[in-house]
Amino acid sequence: MDLDSLKGKSKRVTAPAIDTINVPAGVRSVDDLITLLKEGDERERKKLRKALPFFVIAAVIFVIAFVAVIVPGGVSLNPSTLFLRGMLMILYVLIAVGVGMKLKGLAKIDYAQPVRSFLAKAEKRYAFGTTDFYVFAFSITLFLGYGAFFYISDVLRRYYEIKLPLIGLIVTVLFFVAVYSFGFWATRKDWKKEKQDIWLQIRKMREELDFEESNGKA
């Protein structure tokens with residue numbers, strides 16, 4: 001079954017009621033949903049295109065800053081600062097590559113593919129966090145956490161004569177809790193504003209399809 005075949009059927013399907021708070025009132029068919037998705041995907045592309053140059057420039061700056069201190073005759077830095085620069089270099093390179101890959105993926109979206117896979121991919125694209133995202137975030141957190149702990153512990157030792165590793169660990173954890181709490185709040189707020197309505201409508205359309213197919217088999 002493809003999207004065209006569902007267009008007519010979706011107009012006469014009555015699905016079980018689900019939570020539709022904030023779902024756009026104008027969305028009543030697959031055509032409406034496709035239009036909504038195209039608009040949302042285009043907004044996402046514009047945001048990523050604006051962000052990509054910043055991350056590329058940041059990555060280049062950190063690469064240059066790191067290389068400048070490891071080449072013969074370069075600036076001498078203590079190990080913790082050098083390690084932190086290296087981590088930031090890797091982080092911004094990964095972010096720049098990730099943004100570029102996401103832009104490439106958005107450009108390849110096929111709005112005429114079979115409805116099942118189309119809706120599944122769209123729901124994943126508009127969900128607030130996915131398994132892949134959380135695995136990536138957890139891995140990056142461990143990576144950054146170790147570097148931050150190494151750097152903060154060194155700063156506490158050199159400037160405040162605090163040599164107890166536990167203090168460095170506590171400061172590092174508090175720092176990450178504060179940063180991640182704000183990041184989660186800001187990201188969630190942006191998702192609710194930009195994507196929640198579309199995500200709810202995708203879920204509603206998938207339930208209509210499931211309801212239609214279950215009744216057809218009955």
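Residues numbered from 1 in each chain as written. Predicted model: local features only at pLDDT ≥ 70, side-chain atom pairs only at ≥ 80, totals over all residues. Heavy atoms only, no water.

A.B. asks: Can you lay out the packing of helix α2 (residues 30–70) against helix α3 (residues 79–107) for me, pointing to particular residues and giving the numbers?
C.D. replies: Relative orientation of the contacting elements α2 and α3 amounts to 155°, with a least axis distance of 8 Å. Judged by the angle between their axes, α2 and α3 are roughly antiparallel. Here α2 runs over α3; the crossing is left-handed. (Axes fitted to C-alpha atoms, helices over the stretch in contact; angles between N-to-C directions. Helix = DSSP H or I, 4+ residues; strand = E, 2+ residues; numbered from the N terminus. Parallel < 35°, antiparallel > 145°, perpendicular 65-115°, else oblique. Left-handed = near helix turned anticlockwise from the far one by under 90°.)

A.B. asks: Lay out the pattern of salt bridges in plain terms, naming residues and giving numbers.
C.D. replies: Throughout the structure, instances matching the rule amount to 13 salt bridges. Lysine 195 serves as the salt-bridge partner of glutamate 44, at 3.5 Å between the closest nitrogen and oxygen. In this pair, glutamate 44 is assigned in helix α2 and lysine 195 in the loop between α6 (165–194) and α7 (196–217), connecting sequence segments 151 residues apart. Pair check on accessibility: glutamate 44 and lysine 195 agree, each one buried. The partner of aspartate 132 in a salt bridge is lysine 124, and the shortest N-O contact between them spans 3.4 Å. (Salt bridge = Lys/Arg side-chain N within 4 Å of Asp/Glu carboxyl O. Buried < 20%, exposed > 50% of the residue type's maximum accessible area, 1.4 Å probe, protein only.)

A.B. asks: So what's going on with α6? Which residues, and what values?
C.D. replies: A rise of 1.5 Å per residue sets the reference length of α6, with its 30 residues, at 44 Å; its end C-alpha atoms lie 43 Å apart and thus fit the reference within 8%. Those residues of α6 lying buried are Gly168, Thr172, Phe176 and Trp191. (Expected span 1.5 Å × (residues − 1).)

A.B. asks: For the nonpolar core, give the residues involved together with the corresponding values.
C.D. replies: One finds Leu37, Leu119 and Ile202 to be the most contacted residues of the largest nonpolar core, which totals 26 residues. Looking at this core, the elements that each hand over two or more residues are α2, α3, α4 (115–126) and α7. No other element matches α2, which puts seven residues into this core. When sequence neighbours within four positions are dropped, the list of residues in contact with leucine 119 reads Leu33, Ile202, Met205, Arg206 and Leu209. Met87, Leu91, Ile140 and Phe176 belong to the second-largest nonpolar core, a separate cluster that totals six residues. (Core = buried A, V, L, I, M, F, W, Y, C linked by side-chain atoms within 4.5 Å. Contact = heavy atoms within 4.5 Å.)

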